[in-house]
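Chains, contacts and geometry: an overview
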Amino acid sequence: MADIIVSNPSDAVDNAKMNPRLSANTKMPIDVLRNNFRVICLFALWFALNILYNITNKWALEDVREKVIEAAAQQNDFEVSYLSSSLPITIGCIQFGIGAAYACFLWLLRIRPVPHADELSRGMTVVKRNCIGLVRMIRSAQLTESFRIAIVSPRERSNIPSPATLRDTSKIAVYHTFGQLCTIMSLSTNSISFAHVIKAMEPLFSAVASWLVLGQVMNIRVYMSLLPVVFGVALACAGAKEFSWLSFWSGMGSNAFFAMRGVVSKTVMKKSVSQRARIINDTDVDQRETGYLHGSQMSPANLFAAVTCVSFLLSIPLALISEGSILKMLANQSAEKEGQDISRTLAYIISSGAFHYLNNEVMYVTLSKVHPITLAVGNTAKRVFIIVAGIMVFSTPVTVETAIGATIGIGGVFVYSLMKQWYDNSGQHSTNEATEED
């Protein structure tokens, strides 16, 4: 249906009264302005939280490196590498913990529904009833009958949470954990601008992951639109004054892990919707499309919260294994004499963790209110703002080649997003549906 353009508000009211269908699809200009203003505010908040996260994260990494190097210098026999001196794994673990605490706070106060709370309640009821029945029949020596009644009906068995739920969430959490930790390692070994230029390669990894895991083959023109991204990133890296292979490969690893996280998340959400739709007959169309079911309470934002909690648990042993000796050295020095003032460093770490999680919360709200193309434009602009802010705050030297390469690479990401959305809407790609169901 073509969009309806109304030049006079009074005409809109009269037309709406005469045509009920028109009234359902027509908004007053004041409502449109209010909605546009709300979307602009969401984008501004999203950009601000992204910039604040990257800056406070970089400050935290630099502060920690300075204190670790100073502490290691006082012990002649203690050596620390440049990467581990900033404790990127430990900082990432703390940031996961802050996000997990925030998610649990929302669940405890019932501000957000607890994932799978309904299934757990119904599952415990089914198990309790069958256990009571078994005990009663064993006492009455009706053992043969007990085996018959102990078999839970398919309808009741569907209410018992499957181990696949936690297994799928954990699978996403593994990719999310390593992807985020690689991002922090890339930031710790080079500038914000360099790390985000490398991050512009993520669509290439996503396209490869979708082909390998989902069997999704896009139009050849969509793949061709990724060539400027590769060329731009290569040019930016070649002209960088402070090129770091460690930062480069950490950024590439982050792209690979996040691409797999996106593909697996899509598969899990589709599987969850299809399985629940077979059981719950009154599930409406909106719930199937958004992936949010009242029974599972697993919206995309809630899935991210659950993944963050699992990532926190996964990152604890990683931090202890990789950076435990440095943490022990710092603890021993603090016990022997008055330690360094770490209040500013803790403030940077805690604020970066809060900004990181809130940034994703705002992103999900924004995603629900705008068209995917609008979000693609915003995502491209967001990366530009982050790079510019990083250059300004940290006085990062930028060569002409790096500036041109970054512009071509980020512009290529924008063109790729538009072309992929256009071909997806026109249905000009083939997908192996059987692979998605597995």
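Each chain has its residues counted from 1, following the order in which its sequence is written. Only residues with pLDDT of 70 or above have their local features reported here, since the model is predicted, and side-chain atom pairs are shown and tallied only from 80 upward, although totals for entire chains, interfaces and linings are computed over all residues. The basis for every side-chain value is the complete set of non-hydrogen atoms in the structure, without hydrogens or water.

Re the overall build of the chain
- The helix and strand inventory of the chain stands at 19 helices and two strands.
- Areas reported as accessible are Shrake-Rupley estimates using a 1.4 Å probe. Residue values count occlusion only from the protein chains shown. In the structure as shown, the chain presents an accessible area of about 23500 Å², 65% of it carried by carbon and sulfur atoms. A run of DSSP states H or I qualifies as a helix once it reaches four residues; a run of E qualifies as a strand once it reaches two. Both are numbered from the N-terminal end.

Regarding the packing of helix H12 (residues 227-238) against helix H18 (residues 400-426)
- Across the interface, H12 lies against H18 with an axial gap of 7 Å and an inter-helix angle of 160 degrees. Classified by the angle their axes make, H12 and H18 are roughly antiparallel. Crossing handedness for the pair H12 and H18: left-handed. Along its contact with H12, which presents Pro-228, Val-229, Phe-231, Gly-232, Val-233, Leu-235 and Ala-236, the element H18 presents Glu-401, Thr-402, Ile-404, Gly-405, Ala-406, Ile-408, Gly-409, Gly-412 and Val-413.
- Its residues assigned to classes, the contact of H12 with H18 comprises ten nonpolar, five polar and one charged. Every angle, taken between N-to-C directions, lies between 0 and 180 degrees, and every axis is a line fitted to C-alpha atoms, over only the stretch in contact when it is a helix. Oblique is the label for any angle not covered by the other classes, which are roughly parallel (under 35 degrees), roughly antiparallel (over 145) and roughly perpendicular (65 to 115). Each helix crossing is assigned a hand: it is left-handed if the near helix lies turned anticlockwise from the far helix by less than a right angle, otherwise right-handed if that turn is clockwise. Contact definition: two residues touch when any of their heavy atoms are within 4.5 Å. Gly is placed with the polar residues, together with every amino acid not listed as nonpolar (Ala, Val, Leu, Ile, Met, Phe, Trp, Tyr, Cys and Pro) or charged (Asp, Glu, Lys and Arg).

A look at the packing of aromatic side chains
- Classification of ring pairs rests on two measures: the distance between centres of Phe, Tyr or Trp rings, Trp counted by its six-membered ring, which must be within 6.5 Å, and the angle between planes, read as stacked under 30 degrees, edge-to-face over 60 and tilted in between. Taken as a whole and judged by the stated rule, the model has 16 aromatic pairs.
- Ring plane angle 80 degrees and centroid distance 5.6 Å describe the contact between Phe-194 and Phe-243, whose orientation is recorded as edge-to-face. Note that Phe-194 is positioned in helix H9 (residues 192-199) and Phe-243 in the loop between H12 and helix H13 (245-279), a separation of 49 residues in sequence.
- Buried, partly exposed and exposed residues are distinguished by accessible area as a fraction of the type maximum, computed with a 1.4 Å probe on protein chains only: under 20%, between the cut-offs, and over 50%, respectively. Overall, Phe-243 belongs to the partly exposed group, its relative accessible area being 31%.

Considerations on the nonpolar core
- In plain words, nonpolar cores are sets of buried Ala, Val, Leu, Ile, Met, Phe, Trp, Tyr and Cys residues tied together by side-chain atoms within 4.5 Å. Among the nonpolar cores identified, the biggest contains 22 residues, and Phe-194, Val-197, Ile-198, Val-233, Cys-237, Phe-248 and Tyr-416 are the most heavily contacted of them.
- Of all the secondary-structure elements, those providing two or more residues to this core are H9, H12, H13 and H18.
- If one sorts the elements of this core by residue count, H18 sits on top with five residues.
- Discounting chain neighbours no more than four positions away, the residues touching Ile-198 are Val-233, Cys-237, Phe-248, Gly-251, Met-252 and Asn-255.
- If you look at the next biggest cluster of nonpolar residues, it comprises 19 residues, including Leu-61, Phe-78, Met-329 and Ile-349.

Let's talk about the pattern of salt bridges
- Any carboxyl oxygen of Asp or Glu within 4 Å of a side-chain nitrogen of Lys or Arg constitutes a salt bridge here. This structure, assessed with the given rule, holds three salt bridges.
- Across the pair Arg-344 and Asp-63 runs a salt bridge, and its minimum N-O distance is 3.0 Å. Of this pair, Arg-344 sits in helix H16 (residues 343-367) while Asp-63 is found in helix H3 (residues 29-73), placing the two residues 281 residues apart along the sequence.
- Given a relative accessible area of 47%, Arg-344 falls into the partly exposed group.
- Accessibility expressed as a relative area gives 7% for Asp-63, which makes it buried.

Overview of the packing of H3 against H16
- Where H3 meets H16, the closest approach of the two axes is 8 Å, and the angle between their N-to-C directions is 155 degrees. Classed by the angle they form, the pair H3 and H16 counts as roughly antiparallel. Judged by the sense of rotation from one axis to the other, the crossing of H3 with H16 is left-handed.
- Its residues placed into classes, the contact of H3 with H16 shows 17 nonpolar, nine polar and three charged.

Some details on the environment of Val-39
- If you trace the backbone, Val-39 turns up in helix H3.
- In this view, Val-39 contacts Lys-369 and Val-370; residues no more than four positions away in its chain are not counted.

Quick word on a nonpolar patch on the surface
- On the surface, Trp-59, Val-384, Val-388, Met-392 and Val-393 cluster together into a nonpolar patch covering about 430 Å² of accessible area.
- The biggest single contributor to the nonpolar patch is helix H17 (residues 372-394), with four residues.
- Position of Val-388 relative to the elements: it lies in helix H17. Patch members must show over 30% relative accessible area and no salt bridge, and they are joined within 9 Å when carrying like charges or within 5 Å when they are nonpolar side chains of Val, Leu, Ile, Met, Phe, Trp or Tyr.

Overview of the confidence of the model for the chain
- Chain-level pLDDT for the chain is 75 on average; 70% of the residues reach the 70-or-more range.
- Each residue gets a pLDDT score, which is the predictor's confidence in that residue and runs from 0 to 100. In this model residues 1-18 is a low-confidence stretch, pLDDT under 50, and it forms twelve contacts with partners more than four residues away in sequence or in other chains.
- The low-confidence segment residues 20-27, where pLDDT is below 50, has eight contacts with residues more than four positions distant or belonging to other chains.

Quick look at unusual backbone geometry
- Of note, the phi angle at Leu-87 is positive, near 50 degrees, even though the residue is not glycine.
- The residue Leu-87 is located in the loop between H3 and helix H4 (88-108) in this model.
- One non-glycine residue, Ser-395, lies in positive phi territory at about 50 degrees.
- The topology assignment puts Ser-395 in the loop between H17 and H18.

Here we look at H9
- Counting buried residues in H9 gives eight out of eight residues, a clear majority hidden from the surface.
- Residues of H9 that are buried: Ile-192, Ser-193, Phe-194, Ala-195, His-196, Val-197, Ile-198 and Lys-199.

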